[in-house]
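The lines below spell out each chain.
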Amino acid sequence: DAKTTQPDSMESTEGETVHLPCSHATISGNEYIYWYRQVPLQGPEYVTHGLQQNTTNSMAFLAIASDRKSSTLILTHVSLRDAAVYHCILRVYGNEKITFGAGTKLTIKP
Amino acid sequence: DPKIIQKPKYLVAVTGSEKILICEQYLGHNAMYWYRQSAKKPLEFMFSYSYQKLMDNQTASSRFQPQSSKKNHLDLQITALKPDDSATYFCASSQDPTNYAEQFFGPGTRLTVL
């Protein structure tokens with residue numbers, strides 16, 4: 001699976017909108033972009049995924065660049081419960097394995 | 001109700017002993033996985049099972065053996081335990097292993113080997 005690059009940490013305040021960037025300059029055409037998040041002492045939680053088009057669900061909005069070399073996970077009206085490590089992951093079609101990196105540690109201030 | 005159960009939550013073992021980590025999923029999924037997370041390291045994929053058959057094994061050591069007695073069970077037997085095996089072990093499952101299925105993770109078993 002191709003590699004992703006994320007900032008080590010980001011900080012925001014409750015109620016604000018957070019943009020979590022992810023760079024994947026060597027992404028292949030058959031790789032989907034997945035986002036998971038993990039809070040301490042718990043297993044990772046699926047957030048969203050996409051291939052080419054922007055996607056949205058109850059948890060987040062995923063904006064994918066037209067050349068697919070970068071993406072941004074957008075969290076609106078963040079709360080303290082959104083504090084977690086957010087992982088941007090590329091998955092090859094047919095490969096069930098998820099390869100996690102260090103991710104971005106998101107801190108939310110009251 | 002918890003959908004993925006891992007037992008025990010905490011486990012302490014002595015070097016050289018053998019332990020079994022239990023995982024049961026009640027999501028009706030056909031694929032199950034094991035991951036390991038050592039202190040301050042990213043999650044590391046270990047095994048995947050589909051319909052009770054081993055699909056992928058990324059663990060170099062044969063001391064780690066998954067065991068699937070039922071479709072919704074995937075236990076992990078670890079023999080000849082070493083201090084380096086200390087980690088949190090996460091079980092996960094998904095509906096289908098061959099597409100972009102979302103994986104659901106359990107709460108983990110935190111293993112400490114003394």
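Residues numbered from 1 in each chain as written. Chains lettered and ligands numbered in written order. Predicted model: local features only at pLDDT ≥ 70, side-chain atom pairs only at ≥ 80, totals over all residues. Heavy atoms only, no water.

### Some details on empty space enclosed by the protein
Residue and element names in this part refer to chain B. For the coordinates displayed, the defined rule picks out 1 cavity of 30 Å³ or more. Estimated volume of the largest cavity: approximately 40 Å³. Around the largest cavity sit Asn-30, Ala-31, Met-32, Tyr-49, Tyr-51, Gln-52, Ser-68, Lys-71, His-73 and Leu-74, which together line it. The residue inventory of the lining of the largest cavity, partitioned by class, reads 5 nonpolar, 4 polar and 1 charged. (1 Å grid on protein atoms, 1.4 Å probe; cavity = no way out; pocket = protein on both sides within 12 Å on 5 of 7 lines; lining within 4 Å. Points joined across faces, edges and corners; volume = space filled by probe spheres on them. Nonpolar A, V, L, I, M, F, W, Y, C, P; charged D, E, K, R; others polar.)

### Some thoughts on the sheet that holds strand S1 (residues 9–13) of chain A
Residue and element names in this part refer to chain A. If you trace the 5 strands from one edge of the open sheet to the other, you get S1-S9-S8-S3-S4, paired in mixed fashion. Each end of this open sheet is capped by a strand with a single partner; those strands are S1 and strand S4 (45–50). In this sheet, adjacent strand axes meet at a mean angle of 25° when their direction is disregarded. Bridge count between strand S8 (residues 84–92) and strand S9 (residues 104–109): 3 bridges; the pairing is antiparallel. Within S9, the position partnered with Ala-84 by the bridge is Leu-106. (Pairing = 2+ DSSP bridges. Helix = DSSP H or I, 4+ residues; strand = E, 2+ residues; numbered from the N terminus. Axes fitted to C-alpha atoms, helices over the stretch in contact; angles between N-to-C directions.)

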